Each structure stands twice: as structure tokens, then as C-alpha cells.
Amino acid sequence: MTVYRPADAAEAAEVIAAAAAERQPLELLAGGTKRGLGRPMRTSHSLDASRLSGVIDYDPPELQLTAHAATPMAQIESLLADNRQMLAFEPPDWRGLMGSHGTSTLGGVIACNLAGPRRVRAGAARDHILGFFGVNGRGESWKAGGKVVKNVTGYDLSKLQCGAYGTLSLLTQITVKVMPRPETVCSLLFRGLSDEAAIALSSQALNTPQEVSAAAHLPAAAARRSQVTAVADRSDTVTVFRLEGPTPSVISRLASLRAQLGGGEPLQADDSRLLWDEIGAVRPLLAAHNRCLWRLCPTPAAAPLVQQQVRAKLPSSEGFYDWGGGLLWLSIDAREAGADGGAQVVRNALRQAAGHATLILASDAVRTNVPVFQTLPAPLAALNQRVKYGFDPHGILNPGRMREDQ
Amino acid sequence: MLKMPLPDTAVLACRAEIVHALRQIVPGEGVIDDASELCAYESDGLTAYRTPPMVAVLPETTEQVVQVMRYCHSAGIKVVPRGAGTSLSGGALPLEDGVLLGMGKFKQVLEIDYVNRCAVVQPGVTNLAISHAVQERGFYYAPDPSSQIACTIGGNVGENSGGVHCLKYGLTTNNVIGLEMVTIDGEVLRLGGKHFDASGYDLLGVMVGSEGMLGVVTEVTVRILPKPPGARAVLIGFSTIEGAGDCVADIIATGIIPGGMEMMDKPATAAAEAFVHAGYPLDAEAVLIVELDGCEAEVDHLILAVEKIAGRHGASSTRVSQSDDERLLLWAGRKAAFPAVGRISPDYYCMDGTIPRKRIGEVLSRMRQMQDQYGLRVANVFHAGDGNLHPLILYDANQPGELDRAEAFGADILRLCVQVGGVLTGEHGVGVEKRDLMGTMFTEIDLNQQQRLKCAFDPQGLLNPGKMFPTLHRCAELGRVHVHAGQVRFPDLPRF
């Protein structure tokens, strides 16, 4: 087992070219905080990109930031905060969730296509990458996209890297779109709604012109775990919507939203921030010990039915909803879930609702035996395979991370 | 003028047979082989290039598209998909030996799902028709290219179309959540859907903006949004381009993302004013239109902020719309800028580069120098919010050599955009027009990697060939693996 730590992109290309020549599969990582995401790999060498770090170019009025791929997220976020800007897709901190401790990096966030509660309005990492430099599985340095927010020159290969988990290229330098940070944030909270009523209300809220920037529903068990007293104190379900923007606008929209939805309790800025951080981080709101954890993206309105169907077969399952129902987290007791981690039950429940389910936490054995990512129809799987071949013909970049053959 | 791939004489020799076979798939008037009728399809919005297709096919069902693709694939016949034909980069330019696949009969809005905030439509539905279909419930579809009355959503997917509102609301790619497509070998694939993201690689992300080279789109699921409750526009005149540019940067640095922010230079303003009489300040070197949308409290708050910022940057005049009619009037000139320029010049050539906003003053002054060099005038409209520049080069096609000069001038402008850190095209696409300039932005390795994606979808290169790439490689050639491990640049690096 050798760990290669290239000092720059040229050295990284050198390592990958040598690995390609010798058909030596490489695990690509930097902070390693999301190493447990995806299928366990059997690589004997790894490429640790941690030294490719540092912000290269940041010009706030241009709304773009370019950084080496392993630049710590904390560094980027604090730099943006100093300039009253942010990454609008609200990349969540999954270290608690993954039980990892290292440094979360920009490259990892992009490779895993993360998105937080604002996904419902602002999109995911894929919607905010403008361009990148990387190294493909042939050891060639290449780039796509650019540094400006509007660009249709060539295929959009930047999006393709998002959610590819490092199986197509090592990212070495990334340009992302940044946006102004809202001046004020507040949330509107409703108690005691059933899952069905909560998701219906979420749809209603998102369909008002009040620019709701996040919509979540916490069943009682999840709400009880929140650090926010107003959320945890009543042992009841909590449905919550977020409003952000200039102060006079938020005050006015909050009043309109309350009128349109028939009430609700406002949650002030600090509590609001803490709650949405918890929702993005997932772990604080779910039972953690010896559980399998699933991340489901169903058609939003169908989410409560999916949850119900899983619960009927696996009574230990509990979870919560984000993205107005478009994201459903389910935590299942590992013993009850059995050898497949509950895959069959979860994916059967999802069948009618369409969408996809990813097994985020389970033992290595379970994640090796069941498809971690939703299985694709055969023609689409074959196309994915051909795409992989076009970037990494020898299959040396994170092989098997997404599927047995990818 | 650009060269297209030489037609395959063997295919041309079989034309009658091909037409007959296509008629077995698409009956009646859905197959067009009459020379005079084919003229209607000989070009798109890039009218300098014209080639009638070998045959045009207008299918009505996905199954017919599947059959046409299977037939063309097995017979080795090229296919050029086409929506409304409004592309400004020649994306739908036919091939002499190719089938033109017109998707205009796919005109149905299939489903409006307000609960899940989306609409499912066929690709031939126009951009504006989607907004019309959902307006009774106060919704709209956000991307609004200026051709929105005519251009289709299928074409928007192909070109990743933008519009004046895309800084705040995103391009087509950020507003399309699902596709049904047919591959060149006749497989029907579904990418995305009503849910967020999808399993596997983001093929939806690469399909949008792929210029009809990866597959034929047969169904589109788009995000629909509730309309903002209100909007007001501010018209600001500046005595210098730099003042206008600094004002734009300051508005954004202050944390304001306007619904739209457009700039016109003096020649464009003059043409627009003569056309619509909106009351634009004719003495200004640059005119800025800033639209703020949202609830009344927000719009009022931001209008004040923008007025203050404009004052700081030496605005020579400021006018805030007091009614929706006035707001639309302020926009009318900008929206009609292209036809307005068409009135002051026999022909114009519309360019589409993007630059870092802070370079706008420098780019416009370099362009002024180039005007003298080429002996042609330029009017500029600029999506100032996102740095997307549309220089309109005025020329007269009847004057020998003027078209060639306009093209050379345009190419120089795009090279300049790349030089200052921008890109060749912000929203019109590469197509035929910018194909041979791709090398100014990308290395051969970059372009080969792009073509390897194409190979994954279309290994024989039958879908819309001759577009986007300056040099066409065979997929077998690109698949060859050259190992460079012998050239060791970092001898100290540990070896495997």
C-alpha cells in the first residue's frame, strides 16, 4: 500500500499516468471525510490530493471562486462569509454522519454532488460548478467549462464530475459560482402535522411567491433530538419553512406566508440557522447506534407513502423529510434490516414513487453485497459504462466505488 | 466560410430507397423529399449558411423516432435534429447527405403537476407556451431566451438557452429536471424525472447543451416557479462605459442579484430608441436597465439601494418605472435591440461571448479600435449581470467581401473574450459558427475528452456531425491508449 501525495497537478498527472501504465487502481482522496460513501473499494494504492490546496482567485463582484481541489471547505466558507457571500447550494457537513474527522474539501463536495436544505430553491453542487481542471484515467491533464457564470462552450463536462465520486477524473482545480449571503433568515414552524399533511403544506408553501428557501418535516422522534428548544420541547412533529433575504423583504414575506398557510410560529435567526445546520448534517436528528441509513429522493408528494411502506415492513425505521419531501432520510435498525440493509424493502417502496435510494451507512459487507446506488435499467447502465471508459479506460480511478464495474 | 464534412456519395446514391424506407415509418406528409419544400429547412437562425437536407422527416411519436433512428443507424445515415430552427450558431444546419429530423409535431403539454412543481411537455412546445400553460395558477417557466415566442423547449435543451433572467433564475440546465431521449441506436432512455438528482452519472447535465449530438429529446420535465409578486425597472444613463461597469459590479458586491441587468452602448441605444421611443437617454455612452423583482417591500428597498449605487458611479440620468406598462416600455427597446439594429443596417451578425464583467470597459474600447481595422460598425447589448456580451456587427451582404470581414471581425471579438478570461459562447452554442475557434479555449486533449463523451453516446458519429468540433476523430482512434509513462518528469516520485 503506497500513498502518493503529489505536490501539484502535474505530479498528480504523473502518478495517474504511471498507475495507468501499470494498471494499478488508485483510491482518490483528500480529507477522506466521505471515504465511507459508496461501495467499499479494493485498491492497494491511494492518491492523497491534500497538498493541492489554496484559493487561487476570488473576486466577489464576479460571483466566482477558483480554488485547488483540496482546499478545506472551512477556509472557503470563512473567506466567503468575510465578503458576505456563500455557496448557495449550502454544502452540508457530513463528518458526524460518516463518523469521520478529517478536513472536508471542495473537491469532495463536488465529487459527491452534495447539497443542503437550499437544494429545493438553489440546486445542488452540479448547478454551481463553472469549470475545473483535472486528470483523467489516462494521466492526461484536461479542463472543461470556464470561470464565468454563463458558458455553453462544449459539452457540460463539469456537471458530469458532480456525483461521479472521482471515477472519471481527479479534480485538481475547481471554479464555483458564489452568491450573496442573505441579510436575514427566519423560519416558520408548524406543530403536530402528520407526514401527509406536512408534505402537502410544504408543497403549498413552496408554491407561494414568498420564495421559501427550505422546507423540512421532522417526525416527533427527530424533532426531540434537535438542540433547538422550540423544536424539541413539545414531543410533537415539527414542519418548518425558511425565508431569507433583505430584512424588510423577509418581514413582509413572513407575514404573507403566515396569512397564506394559516399561522405558524416564527423561529428567530440563530435558532433557524442551528436547525437548518442540523437538518443538513442529518446525524443529530436520527438514531445512530447500529443503524443502516438510507437517503431517498422520491417524487416529493409521494414521500410519506414511501416512508409508510418501509415502516410497515421494518418497524424500527424512522427518519425525516427535507426538500419539501424530495429528500427522505431513513434510519433502520441494522439487525432488523438484515443482510441487505433493507434494500429490497426500501427500493420496493420507492418503485411507485420513482426516484432513487442510496445506502449511506451500513457495514462494509452489506455495502459490498447490495447496490449502494440505485440500479439502472440495462441500456442506461451500459451507457454509464461507456462514459466511464471514455475517461478511464483502464478502470484505475476509484474502481468499484459506484458500481461493481464503475 | 466554414467547411462541412464532404457528403457520402454512396448515401446520396440511395436517396430514393432511403425516402421509401422512411415513409414506411412516418406515413403521409411526414417525409419531405421535394426540393422546393426542403428549402424551408435549409438553414436556421445563422442564415449565412444554407444546405438543403437530403430528406426531412417530421415524426409524431417517440416510437417513430425510435424507428427512424434504428433505420439510420443500421444504414449509416447521418441525422440532424431540429426544433424551431432559431439557433444562432448553426446547430440545426442540415447536411446534404443527412436526414433532418424535425421535432415540430411534438407539441403537447403532457402534464402539469403543481404539487411537485413541474410540467412535462413534448420537445416541440415553445418556451413561451410553457409559461402560458401554467400562468392561470400564477406560475411560469424561468429561462426566457429572446426568441421565446418561437424557440422550442427541445431546442432550449440542445443549446442550454439562457435569457435576461438567468443570473437569478439559472439557465435551461438548472430548470430542466427530466428528459426522455432516443439514442442513435433507437434506445429510449429516461434521465432524471420529478425527483431531485438521479442515480449514476449526471447524463441529464451533459444532454442539456449537447447541441443535438448525443441523442434526440422526446419529452422534457421542467421546473415551474411561482411568479414574483411584482417587478420594477430602473433605467440609468452613464457618461462612460466604465461608470456603468463599476455600477454593475457594485450592485452585485452589495449583495443584490437583480432579476435582470442589461447594458446597451450608445449605438445600440440609438437604434433601440429610434425603434420603440422608450425615452432612452441618447447622450449616454452606456444605458443600464436593472430590474428588481419580488415582494413590494423587497422591490422598493432594492430600488432605493440601486439608485444610491448608481449615484455613486456618476449616473447622468435615472428613471424608475412607476407602472408595469412603464417597466415593459423600458424593456421594449432592449428586447427589440436586434430588430432595431436590423433597421439601421442591411445585415447584422450577432456574437455571443462571455467576459469577466470587470473587463467590459477594456473589451468595448478594444472593439472600437477593431471597428476601424475592419471598416465595420458594432452595436453592443450586454447581459451585464452575467458578463454575456452580444456585439452586433453591422454589414451589408450585398457588398462583396463584407460578410467575410464581419465573420473575421466576429472571430477576433471572440478571441478577445477568451483572452480576457471569458469564453466563446454564453448562450448561443458552438454549432458551426464557433467550431473552428474551439482551439482558442481548449487544448487537443480537452477536445479529445469531449469527443470521447460523444463516442459513448454515438460511436459512429452519425448525430449532427460537423458541429462543435474543429477536427472529427474516429472513436476507434480516440479509444487507443497511448502510455506516456516513459517520459518521467518527476523522477523523485515513488513508483508503483
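Residues numbered from 1 in each chain as written. Chains lettered and ligands numbered in written order. Predicted model: local features only at pLDDT ≥ 70, side-chain atom pairs only at ≥ 80, totals over all residues. Heavy atoms only, no water.

Draft legend 1. Spatial organisation of the overall build of chain B. When helices and strands are tallied, chain B shows 19 helices and 19 strands. Taken over C-alpha atoms, the radius of gyration comes to 24 Å for chain B, in line with the 23 Å a tight globule of 496 residues would show. For chain B, buried positions account for 61% of its 496 residues. Sequence separation of 24 or more characterises 72% of the internal contacts of chain B that already satisfy a separation of 6 or more. As presented, chain B carries roughly 18,000 Å² of accessible surface, and 52% of it is formed by carbon and sulfur atoms. (Helix = DSSP H or I, 4+ residues; strand = E, 2+ residues; numbered from the N terminus. Rg over C-alpha atoms; globule rule 2.2 N^0.38 Å. Buried < 20%, exposed > 50% of the residue type's maximum accessible area, 1.4 Å probe, protein only. Contact = heavy atoms within 4.5 Å. Areas by Shrake-Rupley, 256 points an atom, 1.4 Å probe, with all protein chains shown as cover.)

Draft legend 2. Just the interface of chain A and chain B, in detail. In this complex, chain A contributes 93 residues to the contact, which on the side of chain B involves 100 residues. If you sort the residues of chain A by the area they bury against chain B, Lys150(A), Val152(A) and Tyr155(A) come out on top, with a joint share of 12%. Here chain A and chain B share eight salt bridges between them. Where chain A packs against chain B, one counts 29 residue pairs in polar contact (both at pLDDT 80 or more). Those elements that provide at least two residues to the side of chain A that touches chain B are helix H1 (9-21), helix H5 (119-122), strand S8 (141-145), helix H6 (157-161), strand S10 (179-180), helix H7 (195-206), helix H10 (247-261) and helix H16 (378-391) of chain A. Here the element with the most residues in the side of chain A that touches chain B is H16(A); it accounts for 10 residues. Its residues placed into classes, the side of chain A that touches chain B shows 45 nonpolar, 26 polar and 22 charged. (Buried area = accessible area lost by both parts, 1.4 Å probe. Salt bridge = Lys/Arg side-chain N within 4 Å of Asp/Glu carboxyl O. Polar contact = N/O pair within 3.5 Å; in protein donor to acceptor, adjacent residues only side chain to side chain. Nonpolar A, V, L, I, M, F, W, Y, C, P; charged D, E, K, R; others polar.)

Draft legend 3. Layout of the pattern of salt bridges. Residue and element names in this part refer to chain B. Counted under the stated rule, the structure contains 45 salt bridges over all chains. One salt bridge connects Asp113 with Lys194, and the closest N-O pair in it is separated by 2.9 Å. Here Asp113, found in strand S5 (residues 109-113), pairs with Lys194, found in the loop between strand S9 (188-192) and helix H9 (203-207); they are 81 residues apart in sequence, far enough to count as distant. For Asp113, a relative accessible area of 10% translates into the label buried. Note that Arg435 and Asp436 form a salt bridge whose closest N and O atoms lie 2.9 Å from each other. On the basis of relative accessibility, which here comes to 6%, the residue Arg435 falls in the buried class. Residue class for Asp436 comes out partly exposed when judged on its relative accessible area of 43%.

Draft legend 4. Summary view of helix H12 (residues 303-313) of chain A. Residue and element names in this part refer to chain A. The set of residues buried in H12 consists of Ala303, Pro304, Val306, Gln307 and Val310. Down the axis of H12, the buried side of the element spans an arc of 160°, and every buried residue falls inside it. Exposed residues pointing more than 90 degrees away from the buried face of H12 are listed as Ala312 and Lys313. Its buried side turned inward, H12 meets H7, strand S15 (291-297), strand S16 (318-322), strand S17 (327-333) and helix H14 (343-351). (Arc of directions from axis to C-beta.)

Draft legend 5. Region of the structure containing the nonpolar core. Leu160(A), Trp329(A), Val387(A), Leu203(B), Leu288(B), Leu453(B) and Phe457(B) are the most contacted members of the largest nonpolar core, which totals 209 residues. Among the elements that line this core, the one with the most residues is helix H16 (residues 402-419) of chain B, at eight residues. Counting residues in hydrophobic clusters, the runner-up holds 28 residues, among them Val55(B), Leu101(B), Ile184(B) and Leu462(B). (Core = buried A, V, L, I, M, F, W, Y, C linked by side-chain atoms within 4.5 Å.)

Draft legend 6. Representation of the sheet that holds strand S9 (residues 169-177) of chain A in the model. Residue and element names in this part refer to chain A. Pairing within the open sheet is antiparallel, and its five strands lie in the order S4-S5-S9-S7-S8. Two strands in the sheet have a free side with no partner beyond their single neighbour: strand S4 (55-59) and S8. Pairwise comparison of adjacent strand axes, ignoring direction, gives a mean angle of 15° for this sheet. Bridging between S4 and strand S5 (residues 64-68) involves four bridges; their strand directions are antiparallel. Residue pairing for S5: Asp57 is matched across the bridge by Thr66. (Pairing = 2+ DSSP bridges. Axes fitted to C-alpha atoms, helices over the stretch in contact; angles between N-to-C directions.)

Draft legend 7. Representation of the packing of aromatic side chains in the model. With the rule as written, the count across this model stands at 11 aromatic pairs over all chains. Ring geometry for Phe338(B) versus Tyr348(B): centroids 6.2 Å apart, planes at 65°, classification edge-to-face. With Phe338(B) in helix H14 (residues 337-344) and Tyr348(B) in strand S16 (residues 347-350), this pair connects stretches of sequence that are 10 residues apart. Of the residues examined, Tyr348(B) reaches a relative accessible area of 28% and is grouped as partly exposed. Positioned over the ring face of Trp323(A) is Arg119(A), at 5.8 Å from the centre of the ring. Note that Arg137(B) overlies the ring of Tyr114(B), its terminal NZ or CZ placed 4.0 Å from the centroid. (Phe/Tyr/Trp six-rings, centres within 6.5 Å; stacked < 30°, edge-to-face > 60°. Lys NZ or Arg CZ within 6 Å of the ring centre and 35° of its normal.)

Draft legend 8. Main features of the domain arrangement of chain B. Annotation of chain B at the domain level lists domain 1 (9-102), domain 2 (109-226), domain 3 (230-344) and domain 4 (435-479). Distance from the C-alpha centre of domain 1 of chain B to the C-alpha centre of domain 3 of chain B: 43 Å. (Domains from an automatic or database assignment.)

Draft legend 9. Expanded view of the sheet that holds strand S3 (residues 78-82) of chain B. All names here are of chain B. The strand order across the open sheet formed by four strands is S1-S2-S4-S3, and the pairing between neighbours is mixed. Every other strand in the sheet has two partners, leaving strand S1 (31-32) and S3 as the edge strands with one partner each. Relative to the sheet, helix H4 (residues 62-75) contacts strand S2 (55-57), S3 and strand S4 (98-102), its axis offset from that of S4 by approximately 170°.

Draft legend 10. Unusual backbone geometry, seen in detail. All names here are of chain A. Positive phi outside glycine occurs at Glu211, with the angle close to 55°. Among the structural elements, Glu211 can be located in the loop between H7 and strand S12 (214-218). Here Ala354, not a glycine, exhibits a phi torsion of approximately 65°, which is positive.

Draft legend 11. Region of interest: the pairing of S5(B). Residues and elements named next belong to chain B. Here S5 runs beside strand S6 (residues 118-121); their pairing, made up of four bridges, is antiparallel. From the neighbouring strand, Ile112 faces S6, where its bridge partner is Ala119. A loop of four residues connects S5 with S6, the two strands running antiparallel in sequence, and Arg117 in this loop sits at a positive phi of about 60°.

Draft legend 12. Up close: the domain arrangement of chain A. Residue and element names in this part refer to chain A. Domain assignment breaks chain A into domain 1 (2-180), domain 2 (184-283) and domain 3 (286-369). Each of domain 2 and domain 3 has a C-alpha centre, and the two are 23 Å apart. At the junction of the two partners, domain 2 supplies 17 residues and domain 3 supplies 19 residues. Overall, the association of domain 2 and domain 3 removes approximately 1,400 Å² of surface from exposure, summing both partners, and the carbon and sulfur fraction of that is 58%. Considering only the surface of domain 2 that becomes buried against domain 3, Ile199, Val282 and Arg283 emerge as the three largest contributors, covering 39% of it. In this structure, the connection of domain 2 to domain 3 is made through one salt bridge. On inspection of domain 2 and its partner domain 3, the count reaches seven residue pairs in polar contact (both at pLDDT 80 or more). The set of elements that each furnish at least two residues to the side of domain 2 that touches domain 3 consists of H7, S12, helix H8 (220-224) and helix H11 (269-281). Looking at which element gives the most residues to the side of domain 2 that touches domain 3, the answer is H7, with five residues. Taken together, the residues of the side of domain 2 that touches domain 3 break down into 11 nonpolar, two polar and four charged.

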